[in-house]
Amino acid sequence: MAPPMSANGFLDALRAEGVQVVEVGDWQTHNRNHKGPWGPVHGVMIHHTVTRGSARTVELCRAGHAKLPGPLCHGVITKDGTLHLVGYGRANHAGLGDDDVLRAVIAEKRLPPENELNTDGNRHFYGFECENLGDGEDAWPEAQLDAIVRAAAAVCRHHGWTERSVIGHLEWQPGKVDPRGFSMAWLRDRVEERLKA
């Protein structure tokens, strides 16, 4: 069980890992903590946004929309490899997911199939939204993939987690497909290599 790092600690960890960071507005206090606790944290969740256009994507993830208030993640990773910090604390990104998956993440074991919606993921995961249409055709530039790896590794390194603490939304919640365009096994392999550096 790990308490979330402080907002400043999060920023420092990302920068120490070589992530290019942009701070957006009041990100350090922009959260959904009034809806429930944030923490203990157990992992990092990766998403794709189903959007095009970096400025629009960052604003959507910061503010949310009528059916889902923001922030929709902690950081938005745009096509150019920049991580835009939009919130810190509880964020509307993971939703309900499978308690068996959470137990596997905590134990850093192979993930079981996700088949239940019985556990609050917003409480337990750091979330990164990654700018991509999610259609399987929109490209993932190397700069963006590198930033995803570095961001995930930064959180894992701080908490002493392995790459098995990094999951995709599709591994948490039945019916989700994100991130689409690379496999989570591939991403975890790259995070593992990064953590050896």
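Our subject is the structure listed above.
Below or above, wherever it landed, is the structure these notes cover.

So, how was this worked out
- Residues numbered from 1 in each chain as written.
- Predicted model: local features only at pLDDT ≥ 70, side-chain atom pairs only at ≥ 80, totals over all residues.
- Heavy atoms only, no water.
- Helix = DSSP H or I, 4+ residues; strand = E, 2+ residues; numbered from the N terminus.
- Rg over C-alpha atoms; globule rule 2.2 N^0.38 Å.
- Buried < 20%, exposed > 50% of the residue type's maximum accessible area, 1.4 Å probe, protein only.
- Contact = heavy atoms within 4.5 Å.
- Areas by Shrake-Rupley, 256 points an atom, 1.4 Å probe, with all protein chains shown as cover.
- Lys, Arg positive; Asp, Glu negative; His and termini not counted.
- Charge placed at Lys NZ, Arg CZ, Asp CG, Glu CD.
- Phe/Tyr/Trp six-rings, centres within 6.5 Å; stacked < 30°, edge-to-face > 60°.
- Pairing = 2+ DSSP bridges.
- Axes fitted to C-alpha atoms, helices over the stretch in contact; angles between N-to-C directions.

Here the focus is the overall build of the protein. The helix and strand inventory of the protein stands at six helices and ten strands. Relative to a compact globule of 197 residues, whose C-alpha radius of gyration would be 16 Å, the protein shows 15 Å and is just as compact. Its C-alpha atoms put the protein at 35 × 35 × 35 Å along the principal axes. By the burial criterion, 54% of the 197 residues in the protein qualify as buried. Of all intrachain contacts in the protein linking residues separated by at least 6 positions in sequence, the fraction that spans at least 24 positions is 72%. Accessible surface for the protein amounts to roughly 8,600 Å². Of this, 50% is attributable to carbon and sulfur atoms. Across the protein, 22 positive and 26 negative side-chain charges occur, with their mean positions spaced 3 Å apart.

So, about the packing of aromatic side chains. Overall, the coordinates contain ten aromatic pairs when judged by the stated rule. A centroid spacing of 5.8 Å and a plane angle of 25 degrees characterise the contact between F10 and Y126, whose relative ring orientation is stacked. Here F10, found in helix α1 (residues 7–16), pairs with Y126, found in strand β9 (residues 125–130); they are 116 residues apart in sequence, far enough to count as distant. Centroid distance W140 to F182: 4.9 Å. Interplanar angle 80 degrees. Geometry classified as edge-to-face. With W140 in the loop between β9 and α5 (142–159) and F182 in the loop between β10 (166–168) and α6 (184–195), the pair connects residues that are 42 residues apart, well separated along the chain.

Read across the sheet, six strands follow the order β1-β6-β5-β9-β2-β10 without closing on themselves; strand pairing throughout is mixed. What marks the edges here is a single partner per strand, and that holds for β1 (20–23) and β10. The sheet shows a mean angle of 30 degrees between the axes of neighbouring strands, direction not considered. Where strand β5 (residues 75–77) and strand β6 (residues 82–85) come together, three bridges link them in antiparallel fashion. Within β6, the position partnered with I77 by the bridge is L83. Against the sheet, α5 touches β2 (43–48), β5, β6, β9 and β10, its axis set at about 170 degrees to β9.

Burial along β6 is two-sided: T82 and H84 and L83 and L85, pointing in opposite directions, are all buried. The pairing of β1 with β6 spans four bridges and is parallel. Across the sheet, the residue bridging to E23 is L85, located in β6. As consecutive antiparallel partners, β5 and β6 are separated by four residues, and within that stretch G81 has a phi angle of approximately 90 degrees, a positive value.

Before going further, it helps to spend a moment on unusual backbone geometry. With an omega dihedral of 0 degrees, the bond running from G39 to P40 counts as a cis peptide bond. In this fold, P40 is placed in the loop between β1 and β2. Along the chain, D178 connects to P179 via a cis peptide bond; the corresponding omega equals 0 degrees. Note that P179 resides in the loop between β10 and α6. Even without being a glycine, E108 presents a positive backbone phi close to 55 degrees. Residue placement: E108 occurs in the loop between α3 (99–107) and β8 (119–120).

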